[in-house]
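# Breakdown of the fold
Single-letter residue listing:
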Amino acid sequence: MFKPTILHFDSIDSTNLEAMRRAKAGAPEGLCIVAREQTRGRGRLDRSWESPRDAGLYASLILRPKFAMNAWPLITLAAALAVQDALMKTIALRANIKWPNDLCVNDRKLCGILAETLETSLGPAAVLGIGINLRNTPNVPAEATSVESETGRAPEVGSLLAALLKSVAEKYEFLDSAKGCEQVIREWCAHSSYSAGRRVRVSLGDENFEGTTRGLENDGALRVETTGGRIRVVRAGDVTALRSMKG
Ligand code: BTN
């Protein structure tokens, strides 16, 4: 299991960008970049991630996985389980996992995860970026929430980060073991209300469709059954819950 080393920044463009710069320069697995604010926080699908000073936990971890690259997408799912576990342990907050990379409370987004891969002189690497909204800030979109809004208080960043890194290291170790991928997928399905029987709308940019979730593929892709009974496998795009929970 890797031992995390934490590097703190007051302000940075993006902890993911800094972790990628350092990974390219040969930084080892387990180096974690944390910042009080990001000026160019990155989200999925080329979106930005608002990162006001001291309002969130903004952290990125360098990983150098030894397992097959087709299992690398599972790092995001394992990280979502780790965030869920850390929030429960440090502040007793129960969050739901929304495919593939969000944690929500009452369908409002609390955390986003962005795993990016890159080539380095030491071989391929992944940077696992995690942003958790800790405090209420002005102009928070209606579809977002924070730990403070949900519990009445924001956790101390250091203890949440320590719990998070411990849990990420444990889940990441599973992935590297025999049957690890199956175990992570099973655990994800047990901990997400999106895994099966959930009515969703899938937006792929140029195409939208509705259907009912039917579990995950071996690489973490979401299976969605459309009205005609066809299973579509979703690897990108946005998934939004629709009202009916019936399958
Ligand atoms: C998403 O939901 O679109 C993913 C958001 C990921 C945000 C985190 S904050 C820490 C790390 N640094 C970044 O620039 N992005 C990730």
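For the structure, check the block above.
Reading guide: rules and limits
Residues numbered from 1 in each chain as written. Predicted model: local features only at pLDDT ≥ 70, side-chain atom pairs only at ≥ 80, totals over all residues. Heavy atoms only, no water. Pairing = 2+ DSSP bridges. Helix = DSSP H or I, 4+ residues; strand = E, 2+ residues; numbered from the N terminus. Axes fitted to C-alpha atoms, helices over the stretch in contact; angles between N-to-C directions. Expected span 1.5 Å × (residues − 1). Buried < 20%, exposed > 50% of the residue type's maximum accessible area, 1.4 Å probe, protein only. Contact = heavy atoms within 4.5 Å. Parallel < 35°, antiparallel > 145°, perpendicular 65-115°, else oblique. Left-handed = near helix turned anticlockwise from the far one by under 90°. Near = heavy atom within 4 Å. Polar contact = N/O pair within 3.5 Å; in protein donor to acceptor, adjacent residues only side chain to side chain. Areas by Shrake-Rupley, 256 points an atom, 1.4 Å probe, with all protein chains shown as cover. Nonpolar A, V, L, I, M, F, W, Y, C, P; charged D, E, K, R; others polar. Salt bridge = Lys/Arg side-chain N within 4 Å of Asp/Glu carboxyl O. Phe/Tyr/Trp six-rings, centres within 6.5 Å; stacked < 30°, edge-to-face > 60°.

### Considering the sheet that holds strand β8 (residues 196–203)
Taking strand neighbours across the sheet as the criterion, the five strands line up as β11-β10-β9-β8-β12 in an open arrangement whose pairing is antiparallel. The open sheet has two free edges, formed respectively by β11 (231–234) and β12 (238–241), since each of these has just one partner strand. Taken over all neighbouring pairs, the strand axes of this sheet differ in orientation by 45° on average, direction set aside. The pairing of strand β10 (residues 222–226) with β11 spans four bridges and is antiparallel. Along β11, the bridge assignment pairs R223 with V233.

### Here's the deal with helix α4 (residues 157–175)
With 19 residues, α4 ought to run about 27 Å at 1.5 Å a step, and its terminal C-alpha atoms sit 27 Å apart, in line with that. Residues L160, L161, A163, L164, L165, S167, V168, A169, K171, Y172 and L175 constitute the buried set of α4. Elements that come into contact with the buried residues of α4 comprise β1 (5–12), β2 (31–38), β3 (56–63), α2 (74–91), β7 (123–133) and α5 (180–191).

### As for the packing of α2 against α4
Where α2 meets α4, the axes come as close as 8 Å, and the angle between the chain directions of the two elements is 140°. If you check the angle between α2 and α4, you find them oblique. Taken as a pair, α2 and α4 cross one another with a handedness that is right-handed. The residues of α4 that touch α2, namely those facing L74, I75, A78, L81, A82, V83, D85, A86, L87 and T90, are S159, L160, A163, L164, S167, V168, K171 and L175.

### Overview of the environment of S149
On the secondary structure map, S149 appears in helix α3 (residues 147–151). Residues S149 and N136 lie 13 residues apart in sequence; the distance between their C-alpha atoms is 6.4 Å.

### Structural notes on the site of the ligand
In the vicinity of the ligand lie 21 residues, with S14, Q38, R42, R44 and K109 positioned nearest. Between the ligand and Q38, the relevant distance is 2.9 Å, taken from a nitrogen atom to a side-chain nitrogen or oxygen of the residue. In the complex, the protein chains occlude 98% of the 420 Å² of accessible area that the ligand would expose alone. Top element by residues in the shell around the ligand is strand β6 (residues 108–120). It accounts for four residues. Grouping the constituent residues of the shell around the ligand by class yields six nonpolar, eleven polar and four charged.

### Quick look at unusual backbone geometry
The amide bond that connects W99 to the next residue, P100, takes the cis arrangement and shows omega of -10°. Looking at where P100 falls in the secondary structure, it is placed in the loop between β4 (96–98) and β5 (102–105). Located in the positive-phi region is D54, a residue other than glycine, with phi close to 60°. Assignment of secondary structure puts D54 in the loop between β2 and β3.

### Regarding the pattern of salt bridges
Under the definition given, this model contains 22 salt bridges. A salt bridge links D219 to R235, with the shortest nitrogen-to-oxygen separation between them at 2.8 Å. One end of the pair, D219, is in the loop between β9 (208–216) and β10; the other, R235, is in the loop between β11 and β12, and 16 residues separate them in sequence. Take R235: its relative accessible area is 54%, and that puts it in the exposed class. Through salt bridges that share partners, D10, R36, E37, R53 and D54 make up one connected network.

### Quick word on the packing of aromatic side chains
The tally for this structure, following the rule as stated, stands at two aromatic pairs. Aromatic pair F67 and Y172: ring centres 5.9 Å apart, planes at 65°, arrangement edge-to-face. Pair noted here: F67 is in the loop between β3 and α2 and Y172 is in helix α4, with a separation of 105 residues, a long-range link. For Y172, a relative accessible area of 10% translates into the label buried.

### Observations concerning the sheet that holds β2
In spatial order, the strands read β1-β2-β3-β7-β6-β5-β4; together these seven strands make up an open sheet with mixed pairing. Strands with a single pairing partner mark the edges of an open sheet, and in this sheet they are β1 and β4. Taken over all neighbouring pairs, the strand axes of this sheet differ in orientation by 20° on average, direction set aside. Bridge analysis of β1 against β2 gives seven bridges, and the strand direction is parallel. Bridge pairing in β2 places I6 opposite C32.

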